[in-house]
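Spelled out from the first residue to the last, the chains are:
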Amino acid sequence: MSAQLPQGEPQSMDYDFRFKYETLRSLLNKNGQALQIMSDLEADLNHMRYYDKRIKGPIQRLITRALLMAQELNLLTGNSHSDLYQVLFRIGESTDNIFASARTESSTPGSSDKVFSSPRRPFVLPLTSQTELTSDLVGGKAMGIWQLSRKFEDLTPPGFIVTTEAYNRILEDNNLQDRIRLLLDDMDVIEDQALFQSRTETIRRLIRSATVDSEIVSALFLQVDSFEKHFNTRSWAVRSSAVCEDGLHSFAGQFDSELQIQRGNLVTAYLNVLASRFTDRAAGYRAFHNFSEVDTPMAVLFMPMVDAAAAGVLHTRDTKSPQADTMVISSVPGLAYRMVKGEEQADTWTVVKREDPKIIEAAVGTTTSGVYISPLQILDIARIAQKATVEFGHELDIEWAMDKEGKIRFLQARPLNLTLGQDFSSVRPPITQDNAPLVETGITISPGRAEGPLVFLTSGDNWAEIPEGAVVLVEHSLLELGTILPKIAALLVMEGSPVDHLSTLAREFSVPCIFGIGMSAQLLLNKERVSVNATRRRVYNGVRWPGIRERVMARISAGNRHQKKSGPLYDLVLALNLLDPDASSFKASSCRSIHDTLRFMHEMSVRSLFGFGDKQTRGWHTKSSSLLTDLPLKCSIIDLDNSTPQGMKKIPPTEVQSIPFQALWKGIADERLFWPDRWEPQMRGMPSDFKETVLGGNRGPRRNWSKNYAMVARDYLNLNARFDYHYAMVDAMVGPGAENNHVHFRFRGGGASDENRIRRARFLERILRQLGFGVDRNGDLVTAWLRRYSRTDSEEALKSLGRLMVCARQLDAVLNDDRAIERYADAFMNKEYNRFV
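The rules behind these values
Residues numbered from 1 in each chain as written. Predicted model: local features only at pLDDT ≥ 70, side-chain atom pairs only at ≥ 80, totals over all residues. Heavy atoms only, no water. Pairing = 2+ DSSP bridges. Helix = DSSP H or I, 4+ residues; strand = E, 2+ residues; numbered from the N terminus. Axes fitted to C-alpha atoms, helices over the stretch in contact; angles between N-to-C directions. Contact = heavy atoms within 4.5 Å. Salt bridge = Lys/Arg side-chain N within 4 Å of Asp/Glu carboxyl O. Buried < 20%, exposed > 50% of the residue type's maximum accessible area, 1.4 Å probe, protein only.

A. Here's a closer look at the sheet that holds strand 2 (residues 160-162). Within the open sheet, the 5 strands sit side by side as 1-2-5-3-4. Their pairing is antiparallel. Pairing within the sheet leaves two strands with one partner each, and these edge strands are strand 1 (124-126) and strand 4 (258-261). With direction set aside, neighbouring strand axes in the sheet form an average angle of 25 degrees. As paired elements, strand 1 and strand 2 share 3 bridges and run antiparallel to each other. Looking at strand 2, one finds that Leu125 is bridged to Ile161. The sheet contacts of helix 4 (residues 135-151) involve strand 1, strand 2, strand 3 (236-242) and strand 5 (298-304), and relative to strand 3 the element is tilted by about 115 degrees.

B. Representation of the pattern of salt bridges within the structure. All chains considered together, the criterion is met by 37 salt bridges. A salt bridge links Arg746 to Glu603; the shortest N-O distance between them is 2.8 Å. Here the residue Arg746 occupies a position in strand 26 (residues 742-749), and Glu603 occupies one in helix 16 (residues 594-615), the gap between them amounting to 143 residues. The partner of Arg757 in a salt bridge is Asp780, and the shortest N-O contact between them spans 3.0 Å. Here Arg757 is found in helix 20 (residues 754-770), whereas its partner Asp780 is found in the loop between strand 27 (774-778) and strand 28 (781-787), with 23 residues between them in sequence. Under the relative-accessibility criterion, Arg757 is labelled buried at 19%. On the basis of relative accessibility, which here comes to 15%, the residue Asp780 falls in the buried class.

C. Inspection of the side chain of Thr95 at higher detail. Structurally, Thr95 is set in helix 3 (residues 83-106). Ignoring any residue separated from it by four or fewer positions in sequence, one finds Thr95 in contact with Ile59, Ile63, Leu569, Leu572 and Val573.

D. Examining unusual backbone geometry more closely. With a phi close to 50 degrees, Asn175 is a non-glycine residue in the positive phi region. With respect to the helices, strands and loops of the structure, Asn175 is situated in the loop between helix 5 (164-173) and helix 6 (177-183). Under the relative-accessibility criterion, Asn175 is labelled exposed at 56%. For Ser510, which is not a glycine, the phi torsion comes out positive at approximately 55 degrees. Within the fold, Ser510 resides in the loop between helix 13 (501-508) and strand 17 (513-515). By relative accessible area, Ser510 is classed as partly exposed at 44%.

Take a look at the structure:
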């Protein structure tokens, strides 16, 4: 700057302000770059192993930017946060140790494939392999069969596995990794069912049309030739064996199997099974349980078809009465494929577990006829299964078959998911005429109590429209119902088997569930709301237990947040632990990840400039003016680069020559919008300060006694203020070049209950994603970003954001159920702003 600054105190203040402003802009620019690196890293870690060499470079760049940001924050604050350096050095050292450990492990003789430089593992392995198999190579199902075969050699059929190494090779050879990554982006939050299905179908089509390397094909048919020669095998079962399948998470029925496959169709069947990794139900299951793509690659198990006289599923402990020392065996003539999908009723045998087992109950299914299995053969199956539980040390869920010579085969064995708890109701009144249940029958699949609106679901209904927290009644136990389990209160099934795939999923999701209520369901059809005690197999009319509804919705809400991601690098880089900027723990020494440090530095840097303005007693009037508007907004404008008329105490919005401010204001001031005071009926006559304290509280960087500032420059805006009874932050840089353009948004708080504030946050998340923003939501805190868009696109995003901020104000007062989220979101996207009156 060639011009000299004026003399006196304003000169010092003006210089200090210019220095702070330029430093803040530099810090915020680095913050945007760091967040972009983190966003890319999160996607990369979903598709690559953490020790992949392509992960290390971005992490090093991220730490470097964070250190430069720490330096600039300390320039802004007079070295108030110098302990950030030590935190970042510690995180950098820990990440270096992780990569060093991976290199050491890869160089250890006999170690498995830990990094890309390790020797390639086999594409195909026989189940009779004498080498120690690992589940990350052969998948969960094949691992269970292999372990069973080592203890009961004559019990399991022979076979071979096409390993996860082959799956990864096919993706690599056909350049599918990046295409799948793009198609899976944000799949866990897509609410448009048609869009979700379109993406999964595209991925399945890509895999089904992929070329399989000749080395893989040769290794596959080498095994096939051997089986044809030694066992005269002519048809095959081709079955999924994904990593993590049949473990803590069952993945029951999520993937497809191909049966009765002839030699000429084996490669096609193999690709079909690989493609089933991306069925709608499997993709939804992984998203709900927060599995990364890299953690669940697909191996495929090839086994000769068993010419079955009978088949079924065995639970070595009765899941409906886990305290009883009994097991349950379900059986059907021929193969059990339709039975486990809920399409065929089975005969069910209850057997006492002891050295000399005994059948105590036999229930005949509706579709079986003739004698296809004898009680003695059922007892033989029970004895073998009992021995298996002793060998494995836990209860088992076993798929079995018996050939026409009477030989028993175990085709699959996985840990049995048991719920050993009871109904913890403290008050169980005796049944009288007034409180008698409408229905008291069936089989407990998953215990517990629930309450909600009753929805009778048929196969032709749009299942995506089922309201959260509904009690769902269906006729048949269809596997596809597994996709709605995370969002419903309870499940009632007229017909179903306690050993089919849906029952396994109901227990896994801890959804109160009753099967086999039969024609008693007719007594429920005209009821609007019911209460379910699945433990006692009872359904009541209306609301029965205080507090149960809240517990149900808390379970669903917890499920919507998914399980916490974890992993060596995720914990050090991406995890966000600093959530509350007003907590006593919100300090540099509490940062445990790079994400924590970025959040801390952004918050403190913005506060530092606000604090600078708040402390000025003289001279600040040269930089601060009031925004002149008829809208219910009070805001002071801080002019950073002479983008407002000098000397004006009150400035109309039209006089603020800032690109991002003008775009945001056009949205806020849209004449089609309404500004209702929804809290007026509850707060009529109360002083405004009292209203702000009660409804807004003191959470966020601006207090109810603080001024609200909008810092503006020609290409920059930072608005960080109380907006009615919540807090909103908009940080935007918009210029002719897209490289440095960004729009960042943060929203938190409100005057309503926690549940309603979270609903508003979900409403915001839904809209922002449709507008193209990246979004992170935690409770009622919403953080969104849009980066490197053109000036035109960035301005349009800010206009939409302005309209959204107005429409969302006080919306928490009326979002009293989850269906309201969809109604208001659709109204906003359709520009039906009169719905927000």
